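# Breakdown of the fold
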Amino acid sequence: MMKEKFTTLISTAVLLPIENIDTDQIIPARFLKATTREGFGNNLFRDWRYDAEGNPKSDFVLNNSRYTGKILVAGKNFGCGSSREHAAWALYDYGFRAVISSFFADIFKNNALNNALLPIQVSDSFLQKIFNALERDNAMPLIIDLENQFVMLRGDKEPFEINAYKKTCLINAYNDIDYLLSLREEIKAFDLVN
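Now for a description of the structure that goes with this document.

With respect to the helices and strands, K70 occurs in the loop between α2 (46-49) and β3 (71-74). Given the relative accessible area of 37%, K70 is considered partly exposed. Sequence spacing of K70 and S125 is 55 residues, and the spatial spacing of their C-alpha atoms is 22 Å. Excluding anything up to four places from it in sequence, K70 contacts E4, L9, S11, T12, G95, F96, R97 and A98.

Structure, rendered in C-alpha cells:
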C-alpha cells in the first residue's frame, strides 16, 4: 500500500475520551480474515459503531458528523491487548493519519509507525487540554509538526518523541526497503572502501 509523506498535518480531530482501548475494540477479531490491508476501516470500532443489526449507533463519535478529521484523540493506554497489526491498518484505512494519547501500548505504537500512522504521546495534562478545547469548539484544528516534533492547539504546544529512523520513514513515505534503497549510494561507497 502506497503511503503519503507526513511532514505537517493540520486537521480537526475525532475525540474518543475512553481509557484502555484495546486492539479487539479497535478491530474485532472476527474481521481479521482478509489478506490485504484494505477495507479494515469499514469495521473500525465495529461493535461500538453499529448495533447487532448493523445500524449505526447515534451516540458513537464516528457516527457523529460533528467530529471529523485525520487525527484521533484517545484516552490513556490506547492499543493495549493483542499484538494485531490490523488495528493500525483499520485506523489508517479509515482515514486517520495520527493518534494522540497520553500512553500507547508498545506493540501498537510500533505497528502504527510501521504502517504510516503517527502515534503521538503527550502528557495527561495536555491531552486533557485537547479534550476540553475540542469539546467546546470541535472545528478547532490541531497542528502536528513531525519535523519539529510538536503538537499545537491554538498556540499552546507540546513536544513529542519519535524514533529518528521512523521519523525519516514517515517524512519520506518510506517503508523499510525504501529506506535501504535510499542509502544505495552510501552503501556502494562503503563497499568500495572496504
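There's more to say after this.
For the rest of this paragraph, the subject is the sheet that holds strand β6 (residues 142-145). With antiparallel pairing, the 4 strands of this open sheet are ordered in space as β1-β6-β7-β8. Of all the strands in the sheet, the pair left with one neighbour each is β1 (8-11) and β8 (156-159). For this sheet the average axis-to-axis angle between neighbouring strands, irrespective of direction, equals 15°. Pairing geometry for strand β7 (residues 150-153) and β8, over 4 bridges, is antiparallel. Pairing of M152 across the sheet is with K157, part of β8. Taken strand by strand, helix α5 (residues 124-136) contacts β6, β7 and β8, and its axis lies near 35° from that of β7.

Okay, the sheet that holds strand β5 (residues 118-121) next. Strand pairs in the sheet, formed through backbone hydrogen bonds, run parallel or antiparallel to each other. Strand order in the open sheet formed by 4 strands is β2-β3-β4-β5, with parallel pairing between adjacent strands. The strands lining the two open edges of the sheet, one partner per strand, are β2 (13-16) and β5. Strand-to-strand, the axes of this sheet are offset by a mean angle of 20°, without reference to chain direction. Where β3 lies against strand β4 (residues 98-101), 3 bridges are found, and the strand directions are parallel. Following the sheet pairing, V73 is matched in β4 by I100.

This brings us to unusual backbone geometry. You will see that N20, though not glycine, has its phi angle at about 60°, which is positive. Tracing the backbone through its elements, the reader meets N20 in the loop between β2 and α1 (23-26). Look at F45: it is not a glycine, yet its phi comes out positive at around 50°. The residue F45 is located in the loop between α1 and α2 in this model.

Attention shifts here to the nonpolar core. For soluble globular proteins, nonpolar side chains are generally found buried alongside one another. With 57 residues, the main nonpolar core has F45, F78, L91, I100, L118 and I144 as its most contacted residues. Apart from residues lying up to four places away in sequence, I100 is in contact with I71, L72, V73, A74, I120, V122, L127, I130, L142, I144 and V151.

Rules and cut-offs
- Each residue is numbered by its place in its chain's sequence as written, counting from 1.
- The predicted origin of the model limits local features to residues at a pLDDT of at least 70 and limits the giving and counting of side-chain atom pairs to 80 or more, whereas totals for whole chains, interfaces and linings rest on all residues.
- Calculation of side-chain values draws on the structure's entire complement of heavy atoms; hydrogens and water are dropped beforehand.
- Each helix is a run of DSSP H or I of at least 4 residues and each strand a run of E of at least 2, with the numbering of both proceeding from the N terminus.
- Using a 1.4 Å probe on the protein chains alone, a residue whose accessible area is under 20% of its type maximum counts as buried, one over 50% counts as exposed, and one in between counts as partly exposed.
- Throughout, a contact is declared for two residues whenever any of their heavy atoms are within 4.5 Å.
- By definition, two strands form a pair when at least two bridges between them are found by DSSP.
- In this description, a line fitted to the C-alpha atoms serves as the axis of each element, helices being fitted only across the stretch in contact, and the angle between N-to-C directions of two axes falls anywhere from 0 to 180 degrees.
- The criterion is simple. A nonpolar core is a set of buried Ala, Val, Leu, Ile, Met, Phe, Trp, Tyr and Cys residues joined through side-chain atoms within 4.5 Å.

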